[in-house]
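Next come the chains, spelled out residue by residue.
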Amino acid sequence: RCLRGPMSRQGAMVLMQGFSFEWVAEKAAFRECNGLCHLLHILHAFPDERDLQIGVGCVLRNVFGPSEENRKAMLKVLEDAEVCAVLSPNSNAALPFAVEGAGEPDGEEADQSEESARIMVSFLHWYYDAPQTARREAIEARINRQVAAVEAVVKKAQEKAAGKRAKRLKQLQERQTKAAA
């Protein structure tokens, strides 16, 4: 629920810093409620916030990417195998870009989060480069359509619940009026 609705840059930053995605990574309910779609939406909604995008990308890659079910759900939303491969740390597919800083000796082997951050930085440079504009816009359009559909269903359910509540309150008032008379 906390991923839904229009989110400000600040709200997205707070969410990324304070939410335990590890807790929901394997939960089918998170996928069924379009949580991955909402994370992908956050990744695309703030193109000028590279730190936020890198953080979201690393969460998608390191926390959700190892799960086959999550990879399937992301591919269903993205409809782009190359972009999905970037978000899958176990993918055997070659990345469609060179990773900055890859293979540089740094005294010790880089841990998974450092490697993912390098991959995400390189991915974002590639993804926001002019030759990828059509691809990125098509993916954003698919994500936005899915988010809009989810929000429409949620809004309809909220309106229905509000209508039922109003009806119950009216019935209660009518009973109280009859009882007082």
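Above this text you will find the structure in question.
Note that the structure is predicted; figures quoted are calculated from it, not measured. (Residues numbered from 1 in each chain as written. Predicted model: local features only at pLDDT ≥ 70, side-chain atom pairs only at ≥ 80, totals over all residues. Heavy atoms only, no water.)

A. Structural context of the overall build of the protein. In terms of helices and strands, the protein carries 9 helices and 0 strands. Put simply, the protein runs from its N terminus to its C terminus through helices and strands in the order α-α-α-α-α-α-α-α-α. The globule rule puts the C-alpha radius of gyration for 181 residues at 16 Å, and the 21 Å found for the protein is more than 25% above it. Buried residues in the protein amount to 36% of all 181 residues. Within the protein, counting contacts between residues at least 6 apart in sequence, those at least 24 apart form 65% of the total. Summed over its atoms, the accessible surface of the protein is roughly 11,000 Å², and 52% of this surface lies on carbon and sulfur atoms. Of the side-chain charges in the protein, 25 are positive and 25 negative, and the distance between the mean point of each set is 19 Å. (Helix = DSSP H or I, 4+ residues; strand = E, 2+ residues; numbered from the N terminus. Rg over C-alpha atoms; globule rule 2.2 N^0.38 Å. Buried < 20%, exposed > 50% of the residue type's maximum accessible area, 1.4 Å probe, protein only. Contact = heavy atoms within 4.5 Å. Areas by Shrake-Rupley, 256 points an atom, 1.4 Å probe, with all protein chains shown as cover. Lys, Arg positive; Asp, Glu negative; His and termini not counted. Charge placed at Lys NZ, Arg CZ, Asp CG, Glu CD.)

B. Layout of a positive patch on the surface. There is a patch of like positive charges on the surface, built from Lys156, Lys160, Lys164, Arg165 and Arg168. Looking at the secondary structure, you find Lys156 in helix 9 (residues 133-180). What makes Lys156 exposed here is its relative accessible area of 62%. (Patch = residues over 30% accessible without salt bridge, like charges linked within 9 Å, V, L, I, M, F, W, Y side chains within 5 Å. Salt bridge = Lys/Arg side-chain N within 4 Å of Asp/Glu carboxyl O.)

C. Molecular detail of the side chain of Gln53. Mapped onto the elements, Gln53 comes out in helix 5 (residues 50-64). The exposure class of Gln53 is buried, given its relative accessible area of 0%. Within polar-contact distance, the side chain of Gln53 engages the backbone oxygen of Leu43 at 2.9 Å. With residues up to four places along the chain from it excluded, the contact list for Gln53 reads Leu43, Phe46, Pro47, Leu124 and Tyr128. (Polar contact = N/O pair within 3.5 Å; in protein donor to acceptor, adjacent residues only side chain to side chain.)

D. The pattern of salt bridges, seen in detail. Taken as a whole and judged by the stated rule, the model has 8 salt bridges. The salt bridge partner of Glu69 is Lys72, with a shortest N-O separation of 3.8 Å. In this pair, Glu69 and Lys72 are both assigned in helix 6 (residues 68-78), 3 residues apart and thus about one turn of the helix distant. Here Glu69 falls in the partly exposed class, since its relative accessible area comes to 42%. Each of Asp80, Glu82 and Arg135 takes part in a single network of salt bridges with overlapping partners.

E. Highlighting the environment of Ala93. Residue placement: Ala93 occurs in the loop between helix 7 (81-86) and helix 8 (112-127). Sequence separation of Ala93 and Ala148 is 55 residues, and the distance between their C-alpha atoms is 31 Å.

Spatial relationships are all this shows, so hold off on functional conclusions.
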